[in-house]
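# Chain and residue survey
Next come the chains, spelled out residue by residue.
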Amino acid sequence: MQIRTNHLSRLILIGVMLIIGGSSCSISSIRFPDGFPSLSTPDLSDGSLSAPLPMAQTTFIATLPEPLQAGESLLLTILDEVTGLALNSISYGMTTRDPLTYTATVPLPVNSIVKYRYVRNSTVQIVEDTSSNLAIRYRLYSVKTPGEVQDVIADWSDKTFTRGTGSVQGRVLNADTGTPLPNLLVSAGGQQYITDSAGRFELSSLATGTQNLVVYSMDGLYQTFQQGALIGPGQTTSVEIQVAPTPIVNVTFEVSTPPDTVPGAPVRIAGNLLQLGNTFADLQGGLNVSPDRMPVLTLTADGKYSTSLGLPVGAYLQYKYSLGDGFWNAEHKESGAFVLRELIVPAKDLVIHDAVQTWQSGISSPILFETQVPSLTPPGDIIYIQFNPYGWTEPIPMWPLGNNRWAYKLYGPLNMFVSFGYRYCRNGQCGSTDDLETSGGGTLGHQVTVSQAAQDIQDTVSAWKWFENPESTAILGSQVNPRAAGFWSGVEFQSMFRPNWSYYMPQAFASIQALGANRVILTPSWTFSSASPLAFAPIPGRDPMWIDSAIMISQARALGLKVVLYPNPQFIGSETDFWSAAPQDPAWWQNWFDHYRAFAVNFADLANQTGADALILGGENINPALPGGILPDGTPASLPEDIDQEWKTIIFEVRQHFTGTILWAFPFNRTDLQTPLTFLQDTDGIYLLLNAPLSNNPIATKSDFTEEAGRLLDNEISPLPSLLDKPLYLAIAYPSATGSANGCIPNGMGGCSEWSSLSQPNPDLQSANVDLQLQADIYEAILNAVNARPWVTGLISRGFYPPAGLQDQSASVHGKSAADILWYWFPRMSGAVQ
């Protein structure tokens, strides 16, 4: 156990850097004096570039699925994940060895980690993809000495080939302790997999032949492993890989900035490691680094910027300084080219002296954006600006001026554009928290034309989307019966996740604590990306990484909240499409249960190692796999006969990894409640998911809702805890939208919308109107019904949107009238307020 704790503490160290690094508004409010006086030019040479890294000649040998057509050529493209995978790549033409084999030899830095892929250069450039027709982000190669890389190109994005495939699977262990390692990136053939708590990985449908297998620590805490793997047709190669941990040294970055840098503007470091802002995800606009996760340097008395980071010895760093992210307002050379610095972290503490040549690219003048935001803007919010040069990119935090005024000076790369769009939003959630005039995904934003003349654009945000006129709710005092110790008054997060939410999690937990809640239910996820072959694993950008979840648990517990983990499967595309493509034969079902078991055990280990209070299994997204399971299209699932035993086995194994409370999430459905689920006897309680109709009368009152909620509890729900002799926790999801009370929010096509489809950042539902009071009335009605029924052992509000309060159609209570209802009831139910 101590070994695992030490591993987790190393991850938490990186997490602390992520939290502190993203504190974009920890600086003093910036004041722009007239004329923007410049800082004095520092007397500092660029020491980081004075000793270039040694280079190794590396030969890439690529085997094609078919010969190229006349006029086509093959390119080796080296990618830059700091600027953005879609930007700043370097391509090398490859030469023919025979019609199916091409080679290229390029110099690469010794001890570097190279990210690359192959491109077929035709009338347009065609990027390679996998045998399963999935896009290849990049391949990995660890450069140690001059050598060769053998790759097999399985497919092109514009073609499909039928060829032999095989798989490689295994575990990654700590070489010193033998313990499994989560959160490592395993790559072969352009496929990627993030290891789980068992160190497990699997890469399926790899093209036959020799593939380069790489295990890469995204935070550098472990040494890189690399070895050629021979993939045989129809065969699965099993491997056990050991990687050694790396010590940490202190690296101090000190940088001088150009004279035209705005005084006090936050300077960040963008880099290729997790702790330098890399999300290892495909973010908006082809970017990969999030400014909210990048370290912020401190302005020192001599006008330089400095920060000290604990970094792993031997780690290959690619980094740059920026007033934005890796693309916007990042440093450039005087020629206008992007800067990408390189460093191998030495085995001793280091001070690096750098100098930014310029923030600008080309002769275009910087553009100053200033905006006045509404006085109703929550005081803890940060205003962002989002740019649209070819599509919306990642939002950038602006600089506070005080009195609801914000500014941002854009230096570059303006040479790349003639004009572009922009908009403002709250807390980096552009598309959800926008300026009312430029809201949603379809807008091009305000337009600005690049010019050699200086521009000062002054805007006023008249109102925020979904936050036009926030008002508190008048609460009628009710006699609240204090509940017994152990009663859950909780808030459950929505299951969607975005990497830039991390910065706003402490604020979200503080809001939940202020409601008087005693528990927060976190909803980490893995994603089903394919039904056949079955692929179920965490995908960066969609699913929180292990370190993200560990940090969130630590933050919530620091505020006195008990943490419950409720892991949720998600789907690329629709759940209906997934199940329609599933073979559902016995072998497929066994594979499905093996994957779900790994998923459940992963989060049991996370709960155990981070001190979570409880773990919830089940939920809406696995209903077809339960006894009597029904597919989304209404047809019965073709389940194996021993289905109940499969679930009993999973629960038993989870208990070997987590000794806390284990609940089963069960959607309320009159038919489901009649289906015998004997494995529920092996759990510690039922987490009942309720969004049942409370009235069919469009003019029903709060009293009508209370009466129906009581009837549901007494007649249809109470037999369940009595039958199982288990406690029942009621988790409710009622959107603040018309139709919420009668169980049918109109979808505009004659049907009803799922409540979760209204969660941000999903598109707005035009066929339903916001009704905050209706949601508040439903909450008060259910709380009154629960108040009279002591056998209900918890009340949880579902669908909480963490990064910002919104008065939208969703089930989230963040910033809504229903939160005021909870604020009254929760502390009185727990006995904290008499």
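Residues numbered from 1 in each chain as written. Predicted model: local features only at pLDDT ≥ 70, side-chain atom pairs only at ≥ 80, totals over all residues. Heavy atoms only, no water.

With that settled, consider the overall build of the protein chain. Tallying secondary structure elements over the protein chain gives ten helices and 45 strands in all. Taking 834 residues into account, the globule formula puts the C-alpha radius of gyration at 28 Å, and the protein chain, at 28 Å, falls close to it. Per-residue burial over the protein chain gives 59% buried out of 834 residues. A separation of at least 24 residues holds for 76% of the contacts in the protein chain among residues at least 6 apart in sequence. If you sum the accessible surface of the protein chain, you get close to 30,600 Å²; carbon and sulfur atoms cover 51% of it. With 43 positive and 72 negative side-chain charges, the protein chain shows a spacing of 4 Å between the two charge centroids. (Helix = DSSP H or I, 4+ residues; strand = E, 2+ residues; numbered from the N terminus. Rg over C-alpha atoms; globule rule 2.2 N^0.38 Å. Buried < 20%, exposed > 50% of the residue type's maximum accessible area, 1.4 Å probe, protein only. Contact = heavy atoms within 4.5 Å. Areas by Shrake-Rupley, 256 points an atom, 1.4 Å probe, with all protein chains shown as cover. Lys, Arg positive; Asp, Glu negative; His and termini not counted. Charge placed at Lys NZ, Arg CZ, Asp CG, Glu CD.)

In this section: helix 6 (residues 643-657). With 15 residues, helix 6 extends 22 Å between its outermost C-alpha atoms, agreeing within 8% with the 21 Å of an ideal straight helix rising 1.5 Å per residue. Inspection of helix 6 places Ile643, Asp644, Glu646, Trp647, Ile650, Ile651 and Val654 among the buried residues, and these make up the whole buried set. End-on view of helix 6: buried residues confined to an arc of 160°, all on one side of the axis. For helix 6, the exposed residues lying more than 90 degrees away from the buried face are Phe652 and Gln656. Where the residues of helix 6 are buried, they touch helix 5 (586-610), strand 39 (614-618) and strand 40 (661-667). (Expected span 1.5 Å × (residues − 1). Arc of directions from axis to C-beta.)

We now examine the state of the cysteines. Scanning all chains against the criterion turns up two disulfides. Note that Cys425 is cross-linked by a disulfide to Cys430, the S-S spacing being 2.0 Å. Around the S-S axis, the bridge from Cys425 to Cys430 shows a dihedral of about -75° and counts as left-handed. Here Cys425 falls in the buried class, since its relative accessible area comes to 0%. Judged by relative accessible area, which is 11%, Cys430 ranks as buried. With a sulfur-sulfur separation of 1.8 Å, Cys744 is cross-linked through a disulfide to Cys752. The sign of the S-S torsion, about -90°, decides the handedness of the disulfide formed by Cys744 and Cys752: left-handed. Here Cys752 falls in the partly exposed class, since its relative accessible area comes to 43%. For the protein chain, the disulfide bridges join cysteines in the arrangement 1-2, 3-4, where the cysteines are counted in sequence order. (Disulfide = S-S within 2.5 Å.)

Here is a general trend for soluble globular proteins: nonpolar side chains tend to be buried in one another's company. Within the largest apolar cluster, 106 residues are counted, with the highest numbers of intra-cluster contacts made by Trp592, Trp647, Leu730 and Ile782. No other element matches helix 5, which puts eleven residues into this core. Residues contacting Ile782, with those up to four places away along its chain left out, are Leu694, Ala709, Leu730, Ile732, Tyr734 and Leu795. (Core = buried A, V, L, I, M, F, W, Y, C linked by side-chain atoms within 4.5 Å.)

What follows deals with the pairing of strand 33 (residues 488-493). By the criterion of burial, strand 33 is predominantly enclosed, with six of the six residues buried. Of the two faces of strand 33, the one holding Trp488, Gly490 and Glu492 and the one holding Ser489, Val491 and Phe493 are both buried throughout. As judged from the five bridges shared by strand 33 and strand 45 (residues 792-800), these two strands associate in the parallel manner. For Val491, the partnering residue across the bridge sits in strand 45 and is Ser797. In this sheet, strand 34 (residues 519-522) lies alongside strand 33 in parallel orientation, the contact comprising three bridges. The residue of strand 34 that forms the bridge with Glu492 is Ile521. (Pairing = 2+ DSSP bridges.)

Further remarks concern the packing of aromatic side chains. Each aromatic ring pair is characterised by the separation of its centres together with the angle its planes make. Scanning all chains against the criterion turns up 54 aromatic pairs. Both rings, one in Trp526 and one in Phe536, keep their centres 5.5 Å apart while their planes meet at 70°; by these two values the pair is edge-to-face. Of the two residues, Trp526 is situated in strand 35 (residues 525-531) and Phe536 in strand 36 (residues 534-537); the sequence distance between them amounts to ten residues. With a centroid separation of 6.1 Å and 75° between ring planes, the pair formed by Trp592 and Trp647 is classed as edge-to-face. Taken together, the positions of Trp592 in helix 5 and Trp647 in helix 6 put the pair 55 residues apart, joining distant regions of the chain. Residue Trp592 shares its accessibility class with Trp647, and that shared class is buried. One residue, Arg423, lies across the ring of Trp392, its end atom 4.3 Å from the ring centre. The ring of Trp466 has Lys465 sitting right over it, with the charged end atom 4.5 Å from the ring centre. (Phe/Tyr/Trp six-rings, centres within 6.5 Å; stacked < 30°, edge-to-face > 60°. Lys NZ or Arg CZ within 6 Å of the ring centre and 35° of its normal.)

With that out of the way, let us pick up the sheet that holds strand 42 (residues 728-732). Strand order in the closed barrel formed by eight strands is 33-34-37-39-40-41-42-45, with parallel pairing between adjacent strands. Adjacent strand axes in the sheet meet at a mean angle of 25° when their direction is disregarded. Lying on the sheet, helix 5 is in contact with strand 37 (562-565) and strand 39; it crosses strand 39 at an angle near 165°. (Axes fitted to C-alpha atoms, helices over the stretch in contact; angles between N-to-C directions.)

Taking every second residue as pointing to the same face, both faces of strand 34 are buried, with Arg519 and Ile521 on one and Val520 and Leu522 on the other. One crossover worth recording links strand 33 to the parallel strand 34 by way of helix 2 (residues 505-514), and it is right-handed. (Right-handed = clockwise from strand over helix to strand, strands pointing away.)

Mapped onto the elements of the fold, Ser167 is located in strand 11 (residues 165-174). For Ser167, a relative accessible area of 17% gives the class buried.

Moving on, we get to the pattern of salt bridges. A complete count under the given rule lists 33 salt bridges for this structure. Asp282 is the partner of Arg137 in a salt bridge, and the nearest nitrogen-oxygen pair spans 3.0 Å. Here Arg137, found in the loop between strand 7 (125-129) and strand 8 (139-142), pairs with Asp282, found in the loop between strand 19 (268-271) and strand 20 (298-299); they are 145 residues apart in sequence, far enough to count as distant. Residue classification places Asp282 among the exposed positions, given a relative accessible area of 54%. Of the charged contacts in the structure, one is a salt bridge between Asp682 and Lys648, with a shortest N-O distance of 2.8 Å. Of this pair, Asp682 sits in the loop between strand 40 and strand 41 (686-690) while Lys648 sits in helix 6; the two residues are 34 residues apart in sequence, bridging distant segments of the chain. Residues joined in a network through salt bridges with shared partners are Glu81, Lys115, Arg137 and Asp282. (Salt bridge = Lys/Arg side-chain N within 4 Å of Asp/Glu carboxyl O.)

Turning our attention to the environment of Ile113. By the secondary structure assignment, Ile113 is in strand 6 (residues 113-121). As for Ile113 and Asn272, which are separated by 159 residues in sequence, their C-alpha atoms are 10.0 Å apart. Other than its neighbours up to four places away in sequence, Ile113 contacts Leu140, Tyr141, Ser142, Tyr216, Thr224 and Tyr316.

Strand pairing in a sheet takes place through backbone hydrogen bonds and is either antiparallel or parallel in direction. Strand order in this open sheet of four strands is 13-12-15-16, and the pairing throughout is antiparallel. Edge positions in the sheet fall to strand 13 (191-194) and strand 16 (225-231), since each of these pairs with one other strand and no more. Sheet twist, expressed as the mean angle between neighbouring strand axes with direction ignored, is 20°. As paired strands, strand 15 (residues 209-217) and strand 16 are joined by seven bridges and run antiparallel to one another. Opposite Asn212, over in strand 16, you have Gly228 as the bridge partner.

Take the confidence of the model for the protein chain next. Confidence in the prediction of the protein chain, expressed as mean pLDDT, is 91, and 93% of residues score 70 or more. Taken together, the stretch residues 1-5 has pLDDT below 50 and engages in seven contacts with residues farther than four places along the chain or on a different chain. The low-confidence segment residues 23-50, where pLDDT is below 50, has 60 contacts with residues more than four positions distant or belonging to other chains. (pLDDT = per-residue confidence, 0-100.)

Time to look at the packing of helix 2 against helix 3 (residues 546-558). Contact pair helix 2 / helix 3: the axes reach a minimum separation of 9 Å and the direction vectors enclose 40°. Of the possible angle classes, the one that applies to helix 2 and helix 3 is oblique. Our pair here, helix 2 against helix 3, has a crossing hand that is right-handed. Between helix 2 and helix 3, the contacting residues are Met505, Pro506 and Phe509 on the first element and Met552, Gln555 and Ala556 on the second. Looking at the contact of helix 2 with helix 3 residue by residue, the classes come out as five nonpolar, one polar and no charged. (Parallel < 35°, antiparallel > 145°, perpendicular 65-115°, else oblique. Left-handed = near helix turned anticlockwise from the far one by under 90°. Nonpolar A, V, L, I, M, F, W, Y, C, P; charged D, E, K, R; others polar.)

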